[in-house]
Amino acid sequence: MSDNCIFCKIVHGDIPSRKVYEDDEVFAFHDINPVAPVHFMLVPKLHIVSLLEAEEVHAALLGRMLLLAPKLALEQGLKNGFRTVINSGKGGGQEVFHLHIHVIGGGNIPPMVKRD
Ligand code: 5GP
Ligand code: ZN
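In this report, the structure presented in the accompanying data block is examined. (Residues numbered from 1 in each chain as written. Chains lettered and ligands numbered in written order. Predicted model: local features only at pLDDT ≥ 70, side-chain atom pairs only at ≥ 80, totals over all residues. Heavy atoms only, no water.)

**Description of the environment of Gly106**
Next up, step 1: With respect to the helices and strands, Gly106 occurs in the segment after strand E5 (101-105).
Next up, step 2: Apart from residues no more than four positions distant in its own chain, Gly106 is found in contact with Ala36, Pro37 and Leu78. (Helix = DSSP H or I, 4+ residues; strand = E, 2+ residues; numbered from the N terminus. Contact = heavy atoms within 4.5 Å.)

**Some details on the site of ligand 1**
Next up, step 1: Taken together, 16 residues are adjacent to ligand 1, and Asp31, Glu95, Val96, His100 and His102 come closest.
Next up, step 2: In this structure, Ile32 approaches ligand 1 through a main-chain N or O atom, which is 3.3 Å from a nitrogen atom.
Next up, step 3: His100 is positioned such that a nitrogen or oxygen atom in its side chain is 2.8 Å from an oxygen atom of ligand 1.
Next up, step 4: For the shell around ligand 1, the secondary-structure elements that each account for two or more residues are helix H1 (6-11) and strand E2 (26-30).
Next up, step 5: It is H1 that contributes the most residues to the shell around ligand 1, three residues altogether.
Next up, step 6: Residues belonging to the shell around ligand 1 are distributed by class as follows: seven nonpolar, seven polar and two charged. (Near = heavy atom within 4 Å. Polar contact = N/O pair within 3.5 Å; in protein donor to acceptor, adjacent residues only side chain to side chain. Nonpolar A, V, L, I, M, F, W, Y, C, P; charged D, E, K, R; others polar.)

Right under this line is the structure:
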């Protein structure tokens, strides 16, 4: 647990969230400011800042999270597919510095990056 980390506080229940899933290593909860009808995040309980700080020892954990994403997406009703987003570092648009996988779907999902 890292002091002053919003997602560590959510994992520990110190800040309330709408939980989607929890196991020993992973916590998932709905985004407070969704960009689509379904928008939740998968986070490791372990405080890893971003993919930039992830190491070989985290390989199995990251793999488990990726395999969980489609299972949870289906449970949330996203039968036609979903988008995953991982923002890494300020240059990647990351705002909360605890690694997380966004799972987004439902409605019309626009192209990932707008082209001129
Ligand atoms: P990032 O830009 O770091 O990839 O995404 C951070 C996400 O966390 C944003 O989509 C934002 O809406 C969400 N978020 C920030 N604070 C909270 C919070 O206190 N609770 C929940 N459920 N989501 C949050
Ligand atoms: Zn944290």
